[in-house]
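Geometric and topological summary
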Amino acid sequence: QAAAPLHPVAVQCQEAQVVVTVHRDLFGTGRLVRAADLTLGSAACLPVAQSTAESTVTFVAGLHECGSTLQMTPDSLIYKTSLSYKPTPSGNLVIVRTNTAVVPIECHYPRKSNVSSKALQPTWAPFHSTLSVEEKLMFSLRLMNDDWNTERLSNGFQLGESLHIQADVASGGHVSLRLFVDDCVATLSPDRNSSPQYALVDLSGCLVDGRSDDTTSTFISPRPRQETLQFMVDAFKFAGDDRNLIYITCHLKVSPADQAPDPLNKACSFNKASSLWAPVEGTGDICSCCETGNCPLYG
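Residues numbered from 1 in each chain as written. Predicted model: local features only at pLDDT ≥ 70, side-chain atom pairs only at ≥ 80, totals over all residues. Heavy atoms only, no water.

A closer look at the packing of aromatic side chains
- Within this structure, the stated rule accounts for five aromatic pairs.
- Centroid distance Phe219 to Phe231: 5.6 Å. Interplanar angle 65°. Geometry classified as edge-to-face. Pair noted here: Phe219 is in strand E13 (residues 218-219) and Phe231 is in strand E14 (residues 228-234), with a separation of 12 residues, a long-range link. Take Phe219 and Phe231: they sit in the same class, and that class is buried.
- Ring centres of Phe236 and Phe238 lie 6.3 Å apart, and the angle between their planes is 75°; on these two criteria the pair is classed as edge-to-face.
- Look at Phe236 and you get partly exposed, because its relative accessible area is 22%.
- Here Arg211 stacks its cationic end above the ring of Phe270, 4.1 Å away from the centre of that ring.
- When the ring centre of Phe180 is taken as origin, the NZ or CZ atom of Arg223, which lies over that ring, is 5.2 Å away. (Phe/Tyr/Trp six-rings, centres within 6.5 Å; stacked < 30°, edge-to-face > 60°. Helix = DSSP H or I, 4+ residues; strand = E, 2+ residues; numbered from the N terminus. Buried < 20%, exposed > 50% of the residue type's maximum accessible area, 1.4 Å probe, protein only. Lys NZ or Arg CZ within 6 Å of the ring centre and 35° of its normal.)

With respect to the sheet that holds strand E2 (residues 17-23)
- Pairing is antiparallel in the open sheet, where four strands are placed in the order E1-E2-E5-E4. Looking at strand neighbours, the two that pair on one side only are strand E1 (9-13) and strand E4 (49-51), the edges of this open sheet. Adjacent strand axes in the sheet meet at a mean angle of 15° when their direction is disregarded. (Pairing = 2+ DSSP bridges. Axes fitted to C-alpha atoms, helices over the stretch in contact; angles between N-to-C directions.)

Some words on the pairing of strand E7 (residues 76-85)
- Within E7, eight of the 10 residues are buried, which leaves it mostly tucked inside the rest of the structure.
- When strand E6 (residues 69-72) meets E7, the two strands line up antiparallel, connected through four bridges. The partner of Thr69 across the bridge, within E7, is Lys80.
- Linking two consecutive strands that pair antiparallel, namely E6 and E7, is a turn of three residues.
- In this sheet, strand E8 (residues 101-110) lies alongside E7 in antiparallel orientation, the contact comprising 10 bridges. Looking at E8, one finds that Tyr85 is bridged to Ala101.

Topic: unusual backbone geometry
- The linkage connecting Ser195 with the following residue, Pro196, adopts the cis geometry, with an omega of 5°.
- Position of Pro196 relative to the elements: it lies in the loop between strand E11 (177-187) and strand E12 (197-201).
- Along the chain, Ser221 connects to Pro222 via a cis peptide bond; the corresponding omega equals 0°.
- With respect to the secondary-structure elements, Pro222 resides in the loop between E13 and E14.
- Not every positive phi belongs to a glycine, and Cys66 is a case in point at roughly 60°.
- With respect to the helices, strands and loops of the structure, Cys66 is situated in the loop between strand E5 (56-62) and E6.

Focus on the environment of Asp191
- With respect to the helices and strands, the residue Asp191 is situated in the loop between E11 and E12.
- The class of Asp191 is partly exposed, set by a relative accessible area of 41%.
- Sequence-wise, Asp191 and Ile248 are 57 residues apart; in three dimensions their C-alpha atoms are separated by 9.9 Å.
- There is a polar contact of 3.0 Å between the side chain of Asp191 and the backbone nitrogen of Asn193. (Polar contact = N/O pair within 3.5 Å; in protein donor to acceptor, adjacent residues only side chain to side chain.)

Here we look at the confidence of the model for the protein chain
- Looking at the protein chain, the pLDDT average stands at 85 and 85% of residues meet or exceed 70.
- Per-element averaging of pLDDT across the protein chain places helix H1 (residues 127-134) at the bottom with 47 and E13 at the top with 98.
- Every residue in residues 123-133 scores below 50 in pLDDT, and together they form 13 contacts with partners more than four places removed in sequence or on other chains. (pLDDT = per-residue confidence, 0-100. Contact = heavy atoms within 4.5 Å.)

Notes on the side chain of Glu281
- Following the sequence through the fold, Glu281 ends up in the loop between strand E17 (276-279) and helix H2 (288-292).
- Judged by its relative accessible area of 16%, Glu281 is buried.
- Here Arg223 takes part through its side chain, which lies 2.8 Å from a polar atom of the side chain of Glu281.
- Not counting the four nearest positions on each side in its chain, Glu281 is found in contact with Arg178, Phe180, Arg223, Pro261 and Ile286.

Some details on the nonpolar core
- Within the largest apolar cluster, 24 residues are counted, with the highest numbers of intra-cluster contacts made by Val20, Val22, Leu38, Phe59 and Leu77.
- Of all the secondary-structure elements, those providing two or more residues to this core are E2, strand E3 (38-40), E5, E7 and E8.
- Setting aside residues no more than four positions away along its own chain, Val20 makes contact with Val9, Ala10, Val11, Leu40, Val57, Thr58, Phe59 and Ile105.
- Residues Leu163, Ile165, Leu200 and Ala235 belong to the second largest nonpolar core, which totals 22 residues. (Core = buried A, V, L, I, M, F, W, Y, C linked by side-chain atoms within 4.5 Å.)

What follows is the structure, given as structure tokens:
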């Protein structure tokens, strides 16, 4: 509905962006707030338009912009942000006459949809053509609590603990997909090519961190579903560096779920009891290249 004093904030959740219209009579008192005191999201994005006649301010932001966050549920993708009002002193620069305010904003998008009430068997659906037309693949990488049921609110760990990492893909209306983690690298800066760096997953799906003598790092088998892959990594820090923030960057990919795993599409852990590499699914031979180091890359 339109932004008006009784409903001062109106939100439009569009396909790739959110449009927030704010009536400057934000508190319904007749006193208009200053447009410059309104921002969107943790990145404090500024409005893109202002209507003097209607006393409104408009924000337009991409779903991933302005510091928004994404939450995944079994049925929905939920993008969360907030509208902030922080009055700045005017006049004598000592007092303000309104309170600060934060208005939470959410856009919900279904992860699943039906094309018809009748049973349809699509005959046209090679995966690559579907992807190029719809472009609805949504990847995520999250820290989870130890029970894997909820996302971990804190990203702080003590040495000796394990990181529970979950990779997901929301595939929209595509054919059934299986998710793989091609590689993961830990660095001290957001640049995955920076130095020093440490490979956790490498060689198109080998959890190489688990090969070390003092770790229990492993992929979780079986998967909870084809579109999800979970793995545990023992907490660590870079030797000789006192910084306590580490970035983990992973390259995720998918293959059709009915395609058998192979040396290019695999999830392999090192089993210390047997001293052998073992896949989450597929035959053991697809992991043999994890030991030799000559796996095919990025096919």
